[in-house]
Amino acid sequence: MSGGVALQALVVGLSVGAIYGLVGLAFSLLWSLTRVLAFANGDIVIGSVLFAVLAVIGTTPVALSPDVLRSLGLVVLALLFGIALSLASYVVAVRPFLGRTHRAEDLMGWVAGGVTAGLVIRTALGVALPAAAYAVPDPLHFDGLTSTGVVSLPGGGTVGVRVFPVLLVAVAVVIAADRFLVLSRVGRGIRSVADDPDAATLCGVAIERTLLIAFAIAGLLAATAGLLYAPSGAVGVDQGVLLGLYGAAAALLGRLGSPRDALIGGVVLGVLQQLTQASQHLGAAWASLLPLAVLVVVLAVRPSGLLAPREAFAE
Amino acid sequence: MTTLATDLYLLVAAYGLAIAVSYAGLPVLGQGAFVAVGAFGTTQLASHSVPLGIAVIAAIATAAVTGYLVGFAAARLAGAQLALATWALAWLAYTALVVFPRLSGGAQGLTRATPAHLVSPSLGLDITLQPWVHVVIAAVVDVGLAAMLWRSAATAWGLDLAALRSGPALADSLGVPVQRRRRAVLAAAAALGAAGGAGTAVLLGVVAPADYSPLLSLQLFVAVLVGGTATWWGPAIGVALLAALPSTSDALASAIDVDPLRARAVLTAVLLVAAIATRGPVARLIRRFGLTSVNTDVLIDDGNLRRGSSTPGELLLQLRGVVSSYGAVRVLDGLDLDLRAGEVHALIGPNGSGKSTALRVAAGVVRADSGDVLIQSHAAPGRLGAADRVQAGVVRTLQRTASLGELATGTQVAVGVRVRERSPQVGLRELLRTPAARRIAAARSSVVADAVQLVGLAGRTSVPMTALDSAEQRLLQLARAVATGAPALLVDEPAAGMSAGQRRRLGDVLRALADSGRGVLLVEHDLRLVGRVADRVTVLAEGRVLATGSPDEVRRDESVRRAYLGDSSL
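For every chain, the first residue of the written sequence is number 1, and numbering continues from 1 along that sequence. In the order they appear in the text, chains get letters beginning with A and ligands get numbers beginning with 1. In keeping with the predicted nature of the model, local features appear solely for residues at pLDDT of at least 70, side-chain atom pairs appear and are counted solely at 80 or more, and the whole-chain, interface and lining totals rest on all residues.

A. Here's a closer look at the overall build of chain A. Per the convention used, a helix needs a DSSP run of H or I reaching at least four residues, while a strand needs a run of E reaching at least two, with both numbered from the N terminus. Helix and strand content of chain A: eleven helices and four strands. Taken over C-alpha atoms, the radius of gyration comes to 19 Å for chain A, in line with the 20 Å a tight globule of 315 residues would show. C-alpha extents for chain A along the principal axes are approximately 60 × 45 × 35 Å. A burial count over chain A gives 52% of its 315 residues as buried. Here the analysis covers contacts within chain A between residues at least 6 apart in sequence; of these, 76% occur between residues at least 24 apart. Our radius of gyration is a C-alpha quantity, and the globule rule it is checked against amounts to 2.2 Å times the number of residues to the power 0.38. Burial in this document is a count-based property: other C-beta atoms within 10 Å of a residue's C-beta are tallied, and the residue is buried at 20 or more, exposed at 12 or fewer, or partly exposed in between, with C-beta positions derived from the backbone. Once C-beta atoms have been placed from the backbone, residue pairs whose C-beta atoms lie within 7 Å are recorded as contacts.

Dropping the structure here:
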């Protein structure tokens, strides 16, 4: 692999990885709050954007730049759909299976519920958008930053100019989410419920409302990830699940529950994937298997995350 | 005929998954991957001129080994992570099939001639596998599996599965080798999945990646959930619903004029949602009509109160200079402790003095940094995990009111007996109802009866645990531990939350256990109870022994009184 190719893979990997990190952050947040693994997370990422596209542009989306009004509509609707889908998944697939302490209780129930919720979103989208993949227009107009839409890198490689703003926005959103959780009153409530739901209740935190807010935030994060991800290439309805699993892998590369670790894990995963794709011996086939293999291996070795401390004893 | 055979093969895979999901409580979302291993493995091997029979067996063996390896990881995973790992596995397998056309034959898939011939010159065998032959083969396997699950309810295997499902931590403390059992269950599930896949591949003569997408894993998962927990007929209902799906959706599609494939996808989603939504009510119905094998009661003989086999005064357990730390905190700092047959030895001390850790080290749940643990004067098994220790003769009750959920009281006690049944074929023998198995089952019943009688729960064996009051649930814990036959009982705060009357009853039981030749190491905060039942009291402070002796001696010990008991008297 030449230096130019490697640099190109690195830059693209950072940008894609930051999106994986965003997806992983939503996954991680919901795990710490409810001990439920958000199986529908990835479908919400893709679903929020594609539903917005359906509403604003219709069933034949084209990659041409939408006008200002439609761009605004796409962004706002995608965020709203993200919130709505996330809340709906909570009400339908999570809340019925939580125990007295608002922690996951009926394991088979929420596992089946989460995976089925994802399938319902995919099926609903598939009815309206039957083709294998669609080119989704970019409401944020990142490609317009340069006249050609691409940037030359030292060493001869080129990347789409959108990778830079995507990386910036993703990192900024993760930092903002982290600061929100640490500094704001609502964020403190969320962290207290994550730590100990019983104690949080005793301190006057309304658990039900906190969970709803947290799921809404997870939906916002998912929709943001979708808005950054979808316009970068052709997007299929089925890509959501894979994106969700990549996010889970990102979250598990650090300590499950930590926003910063989810971002770093995502970036590591994205760079590894792009380097695999760019290498002559491995290529795209192995690159598509890599994150899934990482997820399986990490779960086998350290179920609470690669950097999580070993538990003293399990009882 | 072909459709029927396909559905029956799917049922084989569903029964395999049911063993893992609805019997052992392991959420496996990747059964489709194992079905694919069977289907593509068989077709690939057969196309490389491997004889068909050997190809099928090799593909099934490959899947079983994969399942066993997944089990190595799964043994340590909480249920949630196992679900995620197997879901990722389902997508990994599917993605691999899609991106490696050499493996899968691409979108068109791999084909071979049908009907297949099963030829073995050495056996003089030449069978043409017509669809009806497939129907017979698949039906025989299905009926065999259903019968096995039906019969397993009251057998050793049924007990182990019930214990895995309802309380793995407790099962481990009673000496059930939880990790080994999980590996076996996942290997069996994977092998049956592959068998279903191999059968379908030989029947249809074509395998394409699209038929083995993660949707298959999801469909199978929900199919085994439909019929409720641990029912032998559940998977059949689920697969019947799945089998009705294509024809129903085609009818629907032609009626309202939509694309049949889309109609099928929508109907699948609707079916899955309905299956999950009706899960609770269905489970209640199954319980109400007793259709489940869960509440099996163990037959109770009129056993005699068995005396512990140890000679009075024999050393059952010794801790010598045990040091144990959590991180930088040294919880046990050179602890010496022993337990003799026939005594109640109470371990007291302030919170954080190391009482519970001492029990955990003795029970093999926590490793000692240094020092020795001797069981009946032999070195304790080095491996971590309670199962070996229980076999060696030390058993611990858990601090909180751990339970095996929905199992009847007698059945819960019977789980404790399992550790004594060393013979690995007990489960198989019981399925076949051999005379030896009947003797084993009878012995099990009599041990259960003894244990229940010792703790004063006779007459309560057939009620579900939820019908016991909190004190009786603690006594049940003791009965389960007694049933393992380990003479050294480690009992952690049994009286927490009990009324005065209940404490008296508990004290009598502890005394009776010691008098029957067992040794009871009791961690307890209630000093009145300790004073009444203990032969010896050891006071711990900061991981060391502060004082030891009879309750009276300890009561008079000035340092104990001053430092740890204030001015109140024992």
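B. Looking closely at the overall build of chain B. The number of helices and strands found in chain B is 23 helices and 14 strands. C-alpha extents for chain B along the principal axes are approximately 90 × 55 × 50 Å. When burial is assessed residue by residue, chain B has 52% of its 570 residues classed as buried. Residue pairs at least 24 apart in sequence account for 75% of intrachain contacts in chain B once pairs closer than 6 positions are excluded.

C. Highlighting the interface of chain A and chain B. Opposite the 35 residues of chain A that make contact, chain B presents 39 residues. At 13 residues, helix 4 (residues 107-128) of chain A tops the list of elements feeding residues into the side of chain A that touches chain B. The classification used treats Ala, Val, Leu, Ile, Met, Phe, Trp, Tyr, Cys and Pro as nonpolar, Asp, Glu, Lys and Arg as charged, and all other residues, Gly among them, as polar. Of the residues assigned to the side of chain A that touches chain B, the class counts are 27 nonpolar, six polar and two charged.

D. Here's a closer look at the sheet that holds strand 8 (residues 370-375) of chain B. All names here are of chain B. Sheet architecture is open: four strands sit in the order 6-5-8-9, paired in antiparallel fashion. Each having just a single partner strand, strand 6 (329-340) and strand 9 (378-379) make up the two edges of the open sheet. The pairing of strand 8 with strand 9 spans two bridges and is antiparallel. Its bridge partner being in strand 9, Ile375 is matched across the sheet by His378. Of the strands in this sheet, strand 5 (315-326), strand 6 and strand 8 touch helix 14 (residues 355-363), which is tilted by about 115 degrees from strand 5. One bridge is not enough; two strands pair if DSSP finds at least two bridges between them. Interaxial angle, 0 to 180 degrees, is taken between N-to-C directions of lines fitted to C-alpha atoms, where a helix line uses only the stretch in contact.

E. Geometry of unusual backbone geometry. Of note, His141 of chain A is a non-glycine position whose phi angle comes to about 55 degrees, a positive value. Within the secondary structure, His141 of chain A is located in the loop between strand 1 (134-135) and strand 2 (150-152). His141 of chain A gets classed as partly exposed once you count the C-beta atoms within 10 Å, which come to 15. In this structure, Gln376 of chain B takes a positive phi of about 45 degrees despite not being glycine. With respect to the helices and strands, Gln376 of chain B occurs in the loop between strand 8 and strand 9.

F. Representation of the pairing of strand 8 of chain B in the model. Residues and elements named next belong to chain B. Pairing between strand 5 and strand 8: five bridges, direction antiparallel. Opposite Leu317, over in strand 8, you have Ile375 as the bridge partner. Connecting the antiparallel pair strand 8 and strand 9 is a turn made up of two residues, with Gln376 showing a positive phi of about 45 degrees.

G. Representation of the sheet that holds strand 12 (residues 519-523) of chain B within the structure. All names here are of chain B. If you walk across this open sheet you meet the six strands as 10-11-12-7-13-14, and the pairing is mixed. One side of each edge strand has no neighbouring strand; the edge strands of this open sheet are strand 10 (394-396) and strand 14 (544-549). Looking at each pair of strands side by side, their axes are set apart by 20 degrees on average, direction ignored. Sheet topology note: the strand 7 (residues 344-348)/strand 13 (residues 536-541) ladder contains four bridges and is parallel.

H. Main features of the environment of Thr357 of chain B. All names here are of chain B. Among the structural elements, Thr357 can be located in helix 14. Through-space distance from the C-alpha of Thr357 to that of Leu242 is 51 Å; in sequence the pair is 115 residues apart. Apart from residues lying up to four places away in sequence, Thr357 is in contact with Ser324, Val331, Leu332 and Val366.

I. Structural view of the packing of helix 16 (residues 409-417) of chain B against helix 19 (residues 470-483) of chain B. Residues and elements named next belong to chain B. At a minimum axis separation of 6 Å, helix 16 and helix 19 run at an interaxial angle of 35 degrees. As for the relative orientation of helix 16 and helix 19, their crossing is right-handed in sense. Counting all contacts with helix 16, which are made through Thr409, Gln412, Val413, Val415, Gly416 and Val417, the residues of helix 19 involved are Leu476, Ala479, Arg480, Ala481 and Ala483. For the contact of helix 16 with helix 19, the residue count by class is seven nonpolar, three polar and one charged. What makes a crossing left-handed is the near helix being turned counterclockwise from the far one by less than a right angle; a clockwise turn instead makes it right-handed.

J. Structural context of helix 8 (residues 207-229) of chain A. The span expected for a helix works out to 1.5 Å for each residue beyond the first. Counted at 1.5 Å a residue, the expected span for helix 8 of chain A with its 23 residues is 33 Å, and the 32 Å between its end C-alpha atoms agrees. Of all 23 residues in helix 8 of chain A, 17 are buried; the element is thus mostly enclosed.

K. Representation of helix 6 (residues 131-152) of chain B within the structure. All names here are of chain B. When the terminal C-alpha atoms of helix 6 are compared, their 31 Å separation across 22 residues agrees well with the 32 Å that a helix rising 1.5 Å per residue should span. Looking only at helix 6, the buried set comprises His134, Ala138, Asp142, Leu145, Leu149 and Ser152. End-on, the buried residues of helix 6 take up no more than an arc of 100 degrees, which puts them together on one face. Among the exposed residues of helix 6, those pointing more than 90 degrees away from its buried face are Trp132, Val140, Val143, Gly144 and Ala147. The inward-facing, buried residues of helix 6 contact helix 1 (2-23), helix 7 (156-166), helix 9 (178-204) and helix 17 (426-432). Here, the arc refers to the directions that run from the helix axis to the C-beta atoms.

L. Just the environment of Thr111 of chain B, in detail. All names here are of chain B. Relative to the assigned elements, Thr111 resides in strand 1 (residues 110-111). Between the C-alpha atom of Thr111 and that of Val366, which follows or precedes it by 255 residues, the distance is 55 Å. Here Thr111 is in contact with Gly205 and Val206, once residues within four sequence places are set aside.

M. Expanded view of the confidence of the model for chain B. All names here are of chain B. Residues of chain B with pLDDT of at least 70 account for 91%, and the chain-wide mean is 82. Residue-level confidence of the predictor is summarised by pLDDT, bounded by 0 at the bottom and 100 at the top. Contacts of residues 291-308 to residues separated by more than four positions or lying in other chains number 57 contacts, the stretch itself having pLDDT below 50. Interface confidence in the predicted complex, given as ipTM, is 0.92; pTM for the same model is 0.86.

N. Representation of the confidence of the model for chain A in the model. Across chain A, the average pLDDT comes to 87, with 96% of residues at 70 or higher. Segment residues 311-315 of chain A is flagged for pLDDT under 50; beyond a separation of four residues in sequence, or across chains, it makes five contacts in the model.

O. Representation of the environment of Gln277 of chain A within the structure. Residue and element names in this part refer to chain A. Residue position: Gln277 is located in helix 10 (residues 259-278). For Gln277 and Gly157, which are 120 residues apart along the polypeptide, the C-alpha to C-alpha distance reads 15 Å. The residues contacting Gln277, other than those within four sequence positions of it, are Ala9, Gly283, Ala284 and Ala287.

P. Focus on the pairing of strand 12 of chain B. All names here are of chain B. In terms of burial, strand 12 is largely enclosed, as five of its five residues are buried. In strand 12, alternate side chains face the same way, and those of Gly519, Leu521 and Val523 on one face and Val520 and Leu522 on the other are all buried. Of the strand pairs in this sheet, strand 7 and strand 12 are connected by four bridges, and their pairing is parallel. Across the sheet, residue His345 finds its bridge partner in strand 12, namely Leu521. With five bridges connecting them, strand 11 (residues 488-492) and strand 12 associate as parallel partners. Each residue of the ladder has a partner; that of Asp492, found in strand 12, is Val523. With the strands pointing away from the viewer, any crossover whose connection runs clockwise from the first strand over the helix to the second is right-handed. Chirality of the crossover, the property in question, places the unit of strand 11, helix 20 (residues 500-515) and strand 12 among those that are right-handed.

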